[in-house]
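A structural walkthrough
The lines below spell out each chain.
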Amino acid sequence: MRYLRLVASFARASAQNELAYRANFWISLLYALLNLGTGVLGVVVLFSQVETVQGWNLSSTLALLGVYLTIGALRNLFIGPSLDALAGMDGEIWTGKFDFTLLRPVDAQFLASFRYWRPLALVDLALGLGVLGTAVIRLEQSLTPGHLVT
């Protein structure tokens, strides 16, 4: 329970830091829409010329794009910012501040993994899930629990 409260506190602090400037939201939204648009446009242009590519049709390729966007958004939500703060340029390891992280009364792996969040990646996550949902509907196949797990 203690760790869940810490995660909520870290996410709240990151959201306050990220949303302090209104331009951050609009730039992040523009980036997410451009990322989605270029991905979908590339797939649509490819499949406007051919029916299948090595057994992949438009719907299955859109599903793959949706999975890619979703996993990328999850990575950008908390894994990427935490790794950048830890080992990136001017990160804790480079500047020598990692010693303070190791001395805290919380697990160092937990702090290194969940301290920094990028809440605007939730927009990317919603768009990726939207593409994935659209592709699953277009596939016209039954979705079993085994499909969801894999």
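Quick caveat: nothing in here was measured; it's all calculated off a predicted structure. (Residues numbered from 1 in each chain as written. Predicted model: local features only at pLDDT ≥ 70, side-chain atom pairs only at ≥ 80, totals over all residues. Heavy atoms only, no water.)

**Let's talk about a nonpolar patch on the surface**
A cluster of nonpolar side chains, contributed by L46, V50, V53, W56 and L64, occupies part of the molecular surface with about 400 Å² of accessible area. Tracing the chain through its elements places V50 in the loop between helix 2 (22–49) and helix 3 (58–87). (Patch = residues over 30% accessible without salt bridge, like charges linked within 9 Å, V, L, I, M, F, W, Y side chains within 5 Å. Areas by Shrake-Rupley, 256 points an atom, 1.4 Å probe, with all protein chains shown as cover. Salt bridge = Lys/Arg side-chain N within 4 Å of Asp/Glu carboxyl O. Helix = DSSP H or I, 4+ residues; strand = E, 2+ residues; numbered from the N terminus.)

**Quick look at the confidence of the model for the chain**
This prediction gives the chain a mean pLDDT of 87; 100% of its residues lie at or above 70. Least confident of the elements in the chain is helix 8 (residues 145–149), whose mean pLDDT is 79; most confident is helix 2, at 91. (pLDDT = per-residue confidence, 0-100.)

**Some words on unusual backbone geometry**
Trans is the common state for peptide bonds, and a negative phi is the common state for residues other than glycine. Unusually for a residue other than glycine, Q54 sits at a positive phi of about 50°. For Q54, a relative accessible area of 79% corresponds to the exposed category. (Buried < 20%, exposed > 50% of the residue type's maximum accessible area, 1.4 Å probe, protein only.)

**Examining the packing of aromatic side chains**
Under the definition given, this model contains seven aromatic pairs. Plain terms: the ring middles of F25 and W26 are 5.1 Å apart, the flat faces sit at 75° to each other, and that makes the pair edge-to-face. Using a relative accessible area of 32% as the deciding quantity, one classes F25 as partly exposed. Site record: aromatic cluster; members linked through ring pairs are Y3, F10, F78, F110, F114 and W117. (Phe/Tyr/Trp six-rings, centres within 6.5 Å; stacked < 30°, edge-to-face > 60°.)

**A look at the packing of helix 3 against helix 7 (residues 121–139)**
Relative orientation of the contacting elements helix 3 and helix 7 amounts to 160°, with a least axis distance of 8 Å. One finds that helix 3 runs roughly antiparallel with respect to helix 7. Crossing angle aside, the handedness with which helix 3 passes helix 7 is left-handed. When the residues that make up the contact of helix 3 with helix 7 are grouped by side-chain class, the tally is 16 nonpolar, six polar and two charged. (Axes fitted to C-alpha atoms, helices over the stretch in contact; angles between N-to-C directions. Parallel < 35°, antiparallel > 145°, perpendicular 65-115°, else oblique. Left-handed = near helix turned anticlockwise from the far one by under 90°. Nonpolar A, V, L, I, M, F, W, Y, C, P; charged D, E, K, R; others polar.)

**Description of the pattern of salt bridges**
Evaluation of the coordinates by the stated rule reveals one salt bridge. Linking E92 and R115 is a salt bridge whose minimum nitrogen-to-oxygen distance equals 2.8 Å. Here R115 lies in the loop between helix 6 (108–114) and helix 7 and E92 lies in helix 4 (residues 92–95), a separation of 23 residues in the sequence. Residue E92 shares its accessibility class with R115, and that shared class is buried.

**Regarding helix 7**
With 19 residues, helix 7 ought to run about 27 Å at 1.5 Å a step, and its terminal C-alpha atoms sit 27 Å apart, in line with that. Turning to helix 7, its buried residues are A121, D124, L125, G128, V131 and A135. Take helix 7 and look down its axis: the buried residues cluster within an arc of 130°, on one side only. Of the surrounding elements, those touching the buried residues of helix 7 are helix 2 and helix 3. Positive phi shows up at E140, right after helix 7, with a value of about 55°. (Expected span 1.5 Å × (residues − 1). Arc of directions from axis to C-beta. Contact = heavy atoms within 4.5 Å.)

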